[in-house]
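# Observations on the model geometry
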Amino acid sequence: MALVPPGRSLGLGRTPLWCQVPGSATAFPGAAPGKRVVFMGDDTWKDLFPGAFSQAFFFPSFNVKDLHTVDNGILEHLYPTMDSGEWDVLIAHFLGVDHCGHKHGPHHPEMAKKLSQMDQVIQGLVERLENDTLLVVAGDHGMTMNGDHGGDSELEVSAALFLYSPTALFRSTPPEKPEVIPQVSLVPTLALLLGLPIPFGNIGEVLVEVFSGNEDSQLHSALAQASAIHLNAQQVSRYLHTYSTATQDLQVKELHRLQSLFSKASADYQRILQSPQGAEATLQAVIAELQQFLRGARAMCIQSWARFSLVRMAGGAALLAAACFLCLLASQQATLPGFPFYSLFLIPVSWGLAGAIVYAGVLATTKLKLDPVVLGAVAALGSLLPCLWNAWAGWRARKHLATLLPIPGPVLLLLLIRLAPFFSDSFVIAEARATPFLLGSLILLLVARLHWEGQLLPSKLLTVPRLGSLTPTGPPRHNGVHALALAVGLLICLRLAGLFHRCPEETPVCRSSPWLSPLASMVGGRAKNLWYGACVGALVALLASVRLWLRCYGNLKSPEPLVLFVRWGLPVMALGTAAYWALASGADEAPPRLQALVAGASVMLPRAVAGLAVSGLMLLLWRPVTVLVKAEVSTPRTVLAPFSGPPTSQADLEYVVPQIYRHMQEVFQGQLERTKSLGPPTVAAYQLGSIYSAAMVTALTLLAFPLLLLHAERISLVFLLLFLQSFLLLHLLAAGIPVTNPGPFIVPWQAVSAWSLMAAHMFYSTGHQPVFPAIHWHAAFVGFPEGHGSSTWLPALLVGANTFASHLLFAVGCPLLLLWPFLCKSQRPQKRRQPPGNEAEARVKPEEEEEEEPLMEMRLWDAPHHFSAALLQLGLKYLFVLGTQILACALAASILRRHLMVWKVFAPKFIFEAVGFIVSSVGLLLGIALVMRVDGAVSSWFRQLVLAQQR
């Protein structure tokens, strides 16, 4: 390879290749003595290479929606700097094409404009180049069909590299049989072309070519190759020496062998330089030895950096397995009479601490290294011993395996089908299609079970008592047509939500849904307006359905502040969301004079919606009881005889006036009569039957609005389907959940499994995948279009909320699985008699009766011990289902650690499941805490009512 070191170099692109090697300022190739390096563009370079540039023009680059700030800033300084000549290396880092891909995609008209601009820039640079200058146009990555990058697909790892010089870099005569050596790196190649040192941390191999020709040309080519490869090998040898002295990760024997190989090849190369004539064969052998050294060093580093700790893997798996098994055992015992909190929690903690102390003492005496992961695993296994002993005692007493493994057989089989394929990369890739299939299968299984148990009867047989039927407080018979309609509607919603899918990059035949892109990426005003109308319609339908549900159960009649917020605050939030969508979809089309107004509104509207949501949640926690209270005074009433027209005679006056007088006398003396004979007034409270679920539905709606803002506009249709399918699923599950009173309230395993599958289904329906390239980074700029400065926790929180919105919503709403059966299976309304009045009133309204409200969820309040036990059991079951998923992913990543797809499929899947479990755990705690807060507020309200009555 002929190397022509130019006098000057100009780098143009998104990230020149040498910046990928981290290091200090001295590691930057342009920081060599006598080199003047000028930079302009992405301000990330300021932190990567502080003090490395003789002159720099940095521009903010984190806002992916900004297409022009960085590019226009570069163009303002690029040509004047070139003409000044006060530089040796000039680097221009453009970002417009990258940001345009993230914002609009590769096929948007804005992308054509940015590419045309880059063409004009390159043309202008070529016209200004001098003969001793090399132009390098490079990209650090490619772009998918959606405009994203970060994965290892062909479109993402393929990047352009263009070199241009007014003078020839290589000889004009092409080689007869060029052969390119594989496994090379462009980093050392480009550094040598630029006349710069190879980066210190590079372990790649320089690109060389083997030419054929006469003896002089072959000798010249071989010497050039040997010189380049020897420089490359010297740099790798220095790196290995420095790295091996700092750490002990490298294999000692292999390192000595490679160093000996390099010493021999270097000595041979020095001898050839002294007498090069007739040393063509020896020179080729030296080149082969240097290449062998470079490839051996690369293989040794890769093998050393990919080592795994089997002890820690086993310890982590033991921790997860112990936690899952403890949740299973505790959920089994939670609803038993006299739940042994002490023996199931305090004693395991003491056993775990004792085991950890013993293990630490053994390690201290043997002078072994203390591993905290293994220590935690030992403590977890020790804490399981008393739980296992209690479970074994119960199994021996009852002689039934269900006491040890309480999960029903079909649900256990479905759980195994869900978890076992996590060990297959094909299933993990296709999980977005398998999850709705499993959920649909579970729905059909539930309908079949209801039919098999005889709970789906024709409507005319619902009122006919059957021999051996359940008590009136048990599960009533349901109309089979109604249950089938719920199942069919749920399956249709699952199918519609599946249309919003994102294809994994491993399935090139699949095409992602175009509806996942924002409205700003659409071309055509009519289609954009229609989609905007559909999104606003979905938003209005979501708000209307929630308010209709609250009005149906009477929870919008209370004068409480929370009810007022639901009436007026939620419509304002919906209006702000719709306005933000309108601005975000047409911000680029706004007139210049309105740009400032649009930018300000784009900042304030999302923050206002989020602030209203937080305010609503605070109101919900402060005054969660939405009860309408009426004071009814039961006093005798004088019934006036009907009389029409004014009195016309003395007889009429003698008849009417005494009655009016007696009525006024009773009104003035009513208070005294009540305190003496009738006691305090009667207080009637309404909407108590849905007091818990109303608070849960309100909280979920308040959470949904800010989460919806973090997604693209058309995902609002998915959120509407989410609420609809959750409603249908809860009604269908309530048909199979027995409600007994008094007694324990048990949520079956099939309901918990279906709820967790619904959360996973929504994760994929909102355009997410368990891989890092699929993360919706644009969520970090909702409400912060100019970026976050140096802050990192807020954008991480916004992106995390976007990614794990389904986990949070379904975890917070998990207590609805317990509340909904009581809401749907209310008792038969009872009659209450009004206190009798005088005989005249009795004749007018004989035996006046009024229906009482059904108890519904107040039956839970009447049994506080069973209510608390049911909440605990439901939370433990949900954690068990999620914990088994993490355990399966951890085992898959551990067992398949040498698999080709471990870092592509199994490791990201485990990371996403782990973070999702943390979010779900926090959401579950918040949901249970909200139910407990409502329960405490109801109890406090009743106590205040009793005190008021006693006064």
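Cut-offs used in this document
Residues numbered from 1 in each chain as written. Predicted model: local features only at pLDDT ≥ 70, side-chain atom pairs only at ≥ 80, totals over all residues. Heavy atoms only, no water. Helix = DSSP H or I, 4+ residues; strand = E, 2+ residues; numbered from the N terminus. Buried < 20%, exposed > 50% of the residue type's maximum accessible area, 1.4 Å probe, protein only. Core = buried A, V, L, I, M, F, W, Y, C linked by side-chain atoms within 4.5 Å. Contact = heavy atoms within 4.5 Å. Expected span 1.5 Å × (residues − 1). Phe/Tyr/Trp six-rings, centres within 6.5 Å; stacked < 30°, edge-to-face > 60°. Lys NZ or Arg CZ within 6 Å of the ring centre and 35° of its normal. Axes fitted to C-alpha atoms, helices over the stretch in contact; angles between N-to-C directions. Parallel < 35°, antiparallel > 145°, perpendicular 65-115°, else oblique. Left-handed = near helix turned anticlockwise from the far one by under 90°. Nonpolar A, V, L, I, M, F, W, Y, C, P; charged D, E, K, R; others polar. Salt bridge = Lys/Arg side-chain N within 4 Å of Asp/Glu carboxyl O. 1 Å grid on protein atoms, 1.4 Å probe; cavity = no way out; pocket = protein on both sides within 12 Å on 5 of 7 lines; lining within 4 Å. Points joined across faces, edges and corners; volume = space filled by probe spheres on them. Polar contact = N/O pair within 3.5 Å; in protein donor to acceptor, adjacent residues only side chain to side chain. Disulfide = S-S within 2.5 Å.

The next thing to look at is the overall build of the protein chain. A count of helices and strands for the protein chain gives 31 helices and 14 strands. Counting every position in the protein chain, which comprises 951 residues, the buried fraction comes to 47%.

Let us now look at the nonpolar core. Residues Phe719, Leu817, Leu818 and Tyr878 are the most contacted members of the largest nonpolar core, which totals 131 residues. Those residues in contact with Phe719, other than ones at most four positions away along the chain, are Ala704, Leu707, Leu708, His711, Met762, Thr766 and Leu809. Among the nonpolar cores identified, the runner-up in size contains 31 residues, and Ala222, Ala228, Tyr239 and Met300 belong to it.

Attention now moves to helix H24 (residues 749-765). Look at H24: 24 Å from first C-alpha to last across 17 residues, which is about the 24 Å you get at 1.5 Å a residue. Burial within H24 is extensive, with 17 of its 17 residues counted as buried. Backbone geometry just downstream of H24 places Gly767 in the positive-phi region, at approximately 85 degrees.

Enumeration according to the criterion identifies 24 aromatic pairs in this entry. Summarising the aromatic geometry, the rings of Trp749 and Phe880 are spaced 5.6 Å apart at their centres and angled 75 degrees between planes, so their arrangement reads as edge-to-face. Residue Trp749 is found in helix H24, and its partner Phe880 is found in helix H30 (residues 864-895); the two are separated by 131 residues along the sequence. In this structure, Trp749 and Phe880 share a single accessibility class: buried. Joined through ring pairs, the aromatic side chains of Phe39, Trp45, Phe49, Phe53 and Phe58 make up one cluster. Seen from the ring of Trp531, Arg714 lies directly overhead, with NZ or CZ sitting 4.9 Å from the centre.

Before going further, it helps to examine the packing of H24 against helix H26 (residues 805-812). In contact at an axis separation of 8 Å, H24 and H26 are set at 155 degrees when each is read in the N-to-C sense. The orientation of H24 with respect to H26, classified from their angle, is roughly antiparallel. Considering the relative orientation of H24 and H26, their crossing is right-handed. Residues Trp755, Met758, Ala759, Met762 and Phe763 of H24 touch H26, and the partners they reach there are Ser806, His807, Leu809 and Phe810. Per-class residue counts for the contact of H24 with H26 are seven nonpolar, two polar and no charged.

This part takes up helix H19 (residues 595-622). Counted at 1.5 Å a residue, the expected span for H19 with its 28 residues is 40 Å, and the 41 Å between its end C-alpha atoms agrees. Restricting attention to buried positions, one finds in H19 the residues Val598, Ser602, Val603, Pro606, Val609, Ala613, Gly616, Leu619 and Leu620.

Our next topic: the pattern of salt bridges. Applying the stated criterion to the full structure yields 12 salt bridges. The closest approach of N and O atoms between Asp71 and Lys114, which form a salt bridge, is 2.9 Å. With Asp71 in helix H2 (residues 69-84) and Lys114 in helix H4 (residues 109-128), this residue pair connects regions lying 43 residues apart in the sequence. Of the residues examined, Asp71 reaches a relative accessible area of 0% and is grouped as buried.

Tallied over the full model, the rule gives six cavities of 30 Å³ or more. Of the volumes computed, that of the largest cavity is approximately 230 Å³. Lining the largest cavity are 20 residues, with Arg418, Ala760, His807, Gln885 and Glu913 sitting closest to its centre. Put simply, the parts of the chain that give the lining of the largest cavity at least two residues each are H24, H30 and helix H31 (902-950).

What follows concerns the side chain of Lys877. Summarising the element assignment, Lys877 is placed in helix H30. Overall, the relative accessible area of 4% leaves Lys877 in the buried class. Among residues more than four places away in sequence, those in contact with Lys877 are Ser331, Ile746, Val747, Pro748, Trp749 and Val752.

Before going further, it helps to examine the side chain of His768. Mapped onto the elements, His768 comes out in the loop between H24 and helix H25 (793-803). Looking at His768, its side chain comes within polar contact range of the side chain of His776, at 3.5 Å. If we skip the residues at most four places from it in the chain, His768 touches His711, Phe763, His776, Asn802 and Thr803.

This brings us to the packing of helix H17 (residues 525-552) against helix H18 (residues 561-586). Relative to each other, H17 and H18 sit at 165 degrees, their axes nearing to 11 Å. Classified by the angle between their axes, H17 and H18 sit roughly antiparallel to one another. In the packing of H17 onto H18, the handedness of the crossing is right-handed. Judged by residue contacts, Lys528, Tyr532, Cys535, Val536, Leu539, Leu543, Arg547 and Leu550 of H17 engage Val566, Arg567, Leu570, Pro571, Ala574, Thr577, Ala578, Ala579, Trp581, Ala582 and Ser585 from H18. Tallied by class, the residues present in the contact of H17 with H18 amount to 14 nonpolar, two polar and three charged.

Turning our attention to the state of the cysteines. Tallied over the entire structure, the rule returns one disulfide. Across the disulfide, Cys503 is cross-linked to Cys510 (sulfur-sulfur distance 1.8 Å). Across the disulfide from Cys503 to Cys510, rotation about the S-S bond amounts to roughly -50 degrees, and the bridge is consequently left-handed. With a relative accessible area of 11%, Cys503 lands in the buried category.

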